[in-house]
Amino acid sequence: MFNPLDFSHEADLTIEELCRRVKNTNPDADLELLKKAYEFAELHHRPQKRSSGEPYIIHPLNVAATLIKLKMDLESIAGGLLHDVVEDCDVSEEEIEKEFGEEIRDIVVGCTKISKIKFKTKEESQAENFRKMVVAMAKDIRVIIVKLADRMHNMLTLQYVSKEKQNKKAQETLDIYVPLASRLGINSVKSELEDLCLRFLHPEVYYRLAEKVAMKKSEREKYIKDVVREITEKLSEYSMKGDVSGRSKHFFSIYKKMENRGVDFDQIQDLLAFRIISANITECYKALGIIHSSYTPVPGRFKDYIAIPKVNNYQSLHTTVIGPKAARIEIQIRTQEMHEVAETGVAAHWAYKEKGKKIPNKLKWVEELMEYNRDIKKSSEFMDVVKNDLDMGGIFVFTPEGDVKELRYGSTPLDFAYAVHTDVGNRCVGAKINGKMVPLKYKMKSGDTVEILTSKTQVPSKDWLKIVKTSRARTKIKQHLLKIERQKNKTLGEEVLEKALKEFSTNIKSLDKKGELKKAYDVLHVKNAEELCLHLGSGRFNVKHVLQNISSIDYKEEEQDQNKTKKIESLYSKISQSAKRTSNSDNAVVVDGMDDIEVRMGRCCNPIPGDPIIGFITRGRGITIHTKSCQRVLEIEDIRKIEVEWNSAYSFRHPVNIRVITHDRPGILSRITNNLHGNSVNIKSAIAKSLPDLKGSFLFEIEVKDYAEFLKVVSIIESMEEVISVTRT
Ligand code: MN
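Residues numbered from 1 in each chain as written. Predicted model: local features only at pLDDT ≥ 70, side-chain atom pairs only at ≥ 80, totals over all residues. Heavy atoms only, no water.

Draft legend 1. Inspection of the sheet that holds strand β10 (residues 436-438) at higher detail. An order of β10-β9-β11 is seen for the 3 strands of this open sheet, with the pairing classed as antiparallel. Because the sheet does not close on itself, it has two edges, and the strands there are β10 and β11 (450-454). The sheet shows a mean angle of 35 degrees between the axes of neighbouring strands, direction not considered. Where strand β9 (residues 428-433) lies against β10, 3 bridges are found, and the strand directions are antiparallel. (Pairing = 2+ DSSP bridges. Helix = DSSP H or I, 4+ residues; strand = E, 2+ residues; numbered from the N terminus. Axes fitted to C-alpha atoms, helices over the stretch in contact; angles between N-to-C directions.)

Written out as C-alpha cells, the structure reads:
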C-alpha cells in the first residue's frame, strides 16, 4: 500500500526515535554520529525557544526527520540537526569541522549562507536569490535539500509568527523553494510546500477547500475504497497485480485549476487521484489499457511521461477517466522505482548510495537547472526576470572540475582564463567549450564547461583588449603590455645613454657610483638610473637634457663638434621613431605628439574625453591627467604641468561618478538602472541612500566613452519624472 510522505510537525520527537527510524532502513548506520550531532545541537540551542514556545531543538529534530523520510544519507541528517548552530548559536565553522568533518561542515555552512541571502519581495531580487541558490547548489545539492527540509518545518509552524512574516515567508517559499523542489523532482516536498503556501497566502481559499473536502469526508473515503477495490478486481481479471491507492488531490493543484480555468470549487470535478504501482513498464501500459477499456477516458488528458520523462526525471502515465458514479478521476500508473523518484527526486540517489559509490554528478544537475531556467522563462513572469537577470548581469560557466565562475554576459574564454588566474590568462592559447575547440572570441553561455589551453611561450597581445569583456581581464592584459613596454623602453634608453656617454669616455655605472647623476635625477624628477633610462627610452626626456645635467660632462650644444652632436641627435631621433612606431590607441591622452607614455587619470576628477585637461609629470609614475577645473591644478607647481590632448583614436570607456537625487518612490533604483541598461550604459556600481525628506540619493559609477556620451546619460536620467537632480561628482 502506497503512503504519501507525511511531513506533519512532530512535537514529541526524540533522537532515540530518529535513530530507530534510521536503523529501520539502514541497519549499518553510524548512529553515534547522529547522537553526537544531536547532543551538540541540543547543548547550543538549549537557551533558545521557538516562536511556538517549544524548546528550539524540536526544530532541528523535525528537519532531520524529514531528511530521513526522504531517505537522505547520514551526513545530510546530521547536517539537518546542526543546520542552525552556526547562524543562531555563534558556533564557528572550524568547530563544526573539528567535531564532524569537512563534509558536514560544508552542509551546515551552505545552509547558513543561504539563510543570509537577503530575500526581498521584489521580483528583481528574487531572480538574484534564485541565482545564488543555484550557485550554492553547484557545490553540494544536499545543502538545498537540507534547506528545503528546514523551510518545510518552518512553514509547518508558521502560525506562530506575525501575519506579516507569514506572508513574506510563504511568498518566498512559493517563489524560490517550490520551483527548486520541483526541479529537483522532490514532488512530495513540493506539494506539501504548495499547500502550506496556499494556507498562508490565500487562507480563505485554503479553508474553504478544507471545509468542502471535510464535509464529504466519509462519503469520499467510501468512494475511494470502492474505486480501489474495483480497479484491483479489473486488473486481476487479466491476472495482473498492482498496488492501487487513492487520495484527494493537493489543495494547491485544485486551486491552480480553479485559477487557470476560472471556475469555482463546485465546478472542479476531478478532486480525487488514484495511483497504480505496477511491476514493470509493460505492466504499466497493460494497466492503462485495462483502465481505458473499463472507464471512458477524458479526451486530451492522457500523458505518457514514461516514454517522455519530465526534465526532472519524473516518469508516469497520467490519464483522467469518468469513474463510477460519473465522477472524473485522475489515474497515475508507474513502477515502484519511478514512484520513489517521483516522491523524493534527487534525494532518491542518496537512498541507495552504497559505500564508495559516487553521488550523482553535481555539475549535471546544475546544468539542467540552468536549462530549466531557460525552459520556463517563456511562460512565467518570475522566470522572465531570471532571464533578464542572467542576460544583463552575468553567466555561470564551469571549470572542468565543476567549480562555478560568474562572468559578465558576453564574456569570452579569455575572460574566464583571467578569472581563474592571471598566469592562465597571460598564457592562454585557446579553449575548449564542452569539449570542442572554439576561437578565443567565442561568447560563452551559462552552463558551458570551459577548459583553457595554455602555452609557456604565449604572451598577451593588444588585440586581446578587443576580445575581453571583463574589466579584470582588461586590466591584467594592460598591465602585462605595459610591463613589456617599460622593459623595452628601459633597454632602449639604456642603450642610447650608454652610447652618448661613450662619446665622453664614461658610462652610467661609473657616473652613478660617483654620484654625478644626482643632479639629473633631481631636475628630471626621477629616483634612479633605471627610471631615467625608462623615460629616455619612452621619449619623454631627450639625451641632451640628460647630458646637460651631468656636472662632469661639459656639454654645450653649439660648441660641440658637429660629429658628436649629429650622433646624439640621431640617437634622439631613434627614440622618437621608436616611440612613433609603438604609438597606438591604447592611451587616452596624447602627450607632446607621443602617446606611449604611462598616463593615469586623476582619481579626484575622473576626466573623460571632451573635458578640458592638463597633465602633471609625477615622480616615476608617468603623467597624471586632471580636468582644468580640478582643485589639484591650483596646488601643483607650474614646472610640472604639461600640455596634453585627448587621443581621438582611443575608444575605451571611462568611469565617471554621478549623483542622482530623486523623490523616494518604490522601484526607482531599478527603473533608473533598467533605463540606463536599455540605453547600453554600463553601470559599474550603485549606492542607494534614503534622505530624510522623502528623497532618495543614488551614487552611480558608470562608464562612458566621452563627454558627449556622458551628457546623453545625464539627459536620460534627467528625463525621468521622479528625478530631481543629476550631478557629476
Ligand atoms: Mn532552521
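Draft legend 2. Up close: the packing of aromatic side chains. Taken as a whole and judged by the stated rule, the model has 6 aromatic pairs. Between Y206 and Y207, the aromatic rings sit 5.1 Å apart at their centres with planes inclined by 85 degrees, giving edge-to-face as the arrangement. A residue is classified by how much of its surface remains accessible, and Y206, at 17% relative accessible area, is buried. An angle of 70 degrees between the planes, with centres 5.9 Å apart, marks the rings of Y305 and Y314 as edge-to-face. (Phe/Tyr/Trp six-rings, centres within 6.5 Å; stacked < 30°, edge-to-face > 60°. Buried < 20%, exposed > 50% of the residue type's maximum accessible area, 1.4 Å probe, protein only.)

Draft legend 3. Highlighting the packing of helix α4 (residues 74-82) against helix α7 (residues 102-116). As a packed pair, α4 and α7 sit with axes 9 Å apart at the nearest point and diverge in direction by 50 degrees. As summarised for this structure, α4 and α7 are arranged oblique, according to the angle between their axes. Considering the relative orientation of α4 and α7, their crossing is right-handed. Residues E75, S76, A78, G79 and L82 of α4 pack against E103, I104, I107 and V108 of α7. (Parallel < 35°, antiparallel > 145°, perpendicular 65-115°, else oblique. Left-handed = near helix turned anticlockwise from the far one by under 90°. Contact = heavy atoms within 4.5 Å.)

Draft legend 4. View of helix α1 (residues 15-25). If you check which residues of α1 are buried, you get I15, L18, C19, R21 and V22. What you see down the axis of α1 is that its buried residues fit within an arc of 160 degrees, all on one side. In α1, the exposed positions angled more than 90 degrees off the buried face are occupied by E16 and N24. On its buried face, α1 is in contact with α2 (31-45), α3 (58-69) and α4. (Arc of directions from axis to C-beta.)

Draft legend 5. Region of interest: the pairing of β9. In the sheet, β9 pairs with β11 via 5 bridges, with the strands oriented antiparallel. Across the sheet, residue K432 finds its bridge partner in β11, namely E451.

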